Amino acid sequence: MKILQILPAQPTSDGDGVNISRVADFQALALDPYLMLDEIRSDDERDYLGGFPPHPHRGMETFTYIRKGGFEHRDQLGNVRAIREGKVQWMSTGRGVVHSEMPLADAKEGLHGFQIWLNMPAKDKMRPPRYQDSAADEHQQLETDGASLRLLAGDWRFAGIEASAPLTGLAGDAAIADLTLAPDAQAELDLSHLGRLALYLHSGELQLPDGKQLAAGNMLLLDSRYPLELQAGFKGAGLLILAGNPIGEAVVQMGPFVMNTQAEILQAIRDYQNGDFGEIPSGSV
């Protein structure tokens, strides 16, 4: 594999004081169609108890994946869903969504999850919002010696098998999977049919082609034209694979809004302030 860039996650906080490790790129767009990856990982509920109270979005997609614990999602469309361990949620916000994400009261043994932001092409930014989750679906796992690939979104080929995740149709033909490697195990994937490829190492260590060890909390931006050849360290490795096709459009971002021009950002702010996004129904089920 050919490494183009290593992007360390940066500590930050969001929502009501939730501690996050974040990789973001709204300027160079080296991760296009991906804009940001947030990892929440703690066994101390004080790091995430405040959750993410109601807030708006426009012009982007959020993809949430929970490995431990869970969140309850609520939005102005009336969706109320618990996203628990091993499940995912996709929200294509389009012209506007108001939602909240709060930790589940019965998830008392810590939280480990991700929220990934994807850009939307200009032609789709003002379409009606869409919501889908996998709360009722099982995620297929493709396995080979020492490697297990959990399919989260998009279409995949691994270990001689072609399969699709429960969620497809994400912006930029995005394909997302969680790969687990046993200690010293190897895995190889061919994602050359997609123009963007990145890995986020969330657990263990990965041995790089130069022999150095990459620690958890780093993202690798790779040249997708080269086979993805992975070698875990002696601790094994867990990593998210993010693949897709760049949208290739200008991005202007302000907080939860991602548009193509500053004028569109200002319009989004006015629309939200005027109540055009709606409100989360009280006591919705």
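Residue positions are given per chain, counted from 1 along the sequence in the order it is written. Per-residue local features of the predicted model are confined to residues with pLDDT of at least 70, and side-chain atom pairs are confined, for both listing and counting, to 80 or more; whole-chain, interface and lining totals are unaffected and use all residues. For side-chain calculations, the full set of non-hydrogen atoms in the structure is used, while hydrogens and water are omitted.

An unreviewed UniProt entry annotates the chain as Quercetin 2,3-dioxygenase of Shewanella algae. Annotation of the chain in UniProt includes, under Sequence similarities (unreviewed entry), the sentence "Belongs to the pirin family." UniProt positions are given in the numbering used here, feature names are shortened, and annotations may be inferred rather than shown by experiment.

K.L.:
I would appreciate a short explanation of the packing of aromatic side chains in the present structure.
P.N.:
Any aromatic ring pair is given by two values, namely how distant the centres are and how the planes are angled relative to each other. Two aromatic rings, drawn from Phe, Tyr or Trp (for Trp, its six-membered ring), form a pair once their centres lie within 6.5 Å of each other, and the interplanar angle then sorts them: stacked below 30 degrees, edge-to-face above 60, tilted otherwise. A full pass over the atoms with the stated rule returns 6 aromatic pairs. On the numbers, 6.2 Å between centres and 10 degrees between planes, the contact of Y65 with F114 is stacked. Here Y65, found in strand β6 (residues 60-68), pairs with F114, found in strand β11 (residues 111-119); they are 49 residues apart in sequence, far enough to count as distant. Grouping residues by exposure puts Y65 and F114 together as buried. Each helix corresponds to a stretch of at least 4 residues labelled H or I by DSSP, and each strand to a stretch of at least 2 residues labelled E; elements are numbered beginning at the N terminus. Type-normalised accessible area, obtained with a 1.4 Å probe on protein chains alone, sets the label of each residue: buried when under 20%, exposed when over 50%, and partly exposed for intermediate values.

K.L.:
When you look at the environment of H55 in this model, what are you seeing that I'm missing?
P.N.:
Along the chain, H55 turns up in strand β5 (residues 52-57). Separated by 222 residues in sequence, H55 and F277 place their C-alpha atoms 10 Å apart. Whether two residues are in contact is decided by their heavy atoms, any of which lying within 4.5 Å being enough. Setting aside chain neighbours within four positions, we find H55 in contact with V97, V98, H99 and E101.

K.L.:
Hey, could you run me through the sheet that holds strand β10 (residues 97-103) in this one?
P.N.:
Adjacent strands of a sheet form backbone hydrogen bonds with each other and so pair up, either parallel or antiparallel. The strand order β5-β10-β7-β8 describes an open sheet built from 4 strands, whose pairing is antiparallel. Pairing within the sheet leaves two strands with one partner each, and these edge strands are β5 and β8 (80-84). In this sheet, adjacent strand axes meet at a mean angle of 25 degrees when their direction is disregarded. Think of it this way: DSSP has to see at least two bridges between two strands before they count as a pair. With 5 bridges joining them, strand β7 (residues 70-75) and β10 adopt antiparallel strand pairing. Directly across from R74, in β10, lies its bridge partner S100. Fitted lines through C-alpha atoms serve as axes, helices being fitted only where they are in contact, and the angles separating the N-to-C directions of these axes extend from 0 to 180 degrees.

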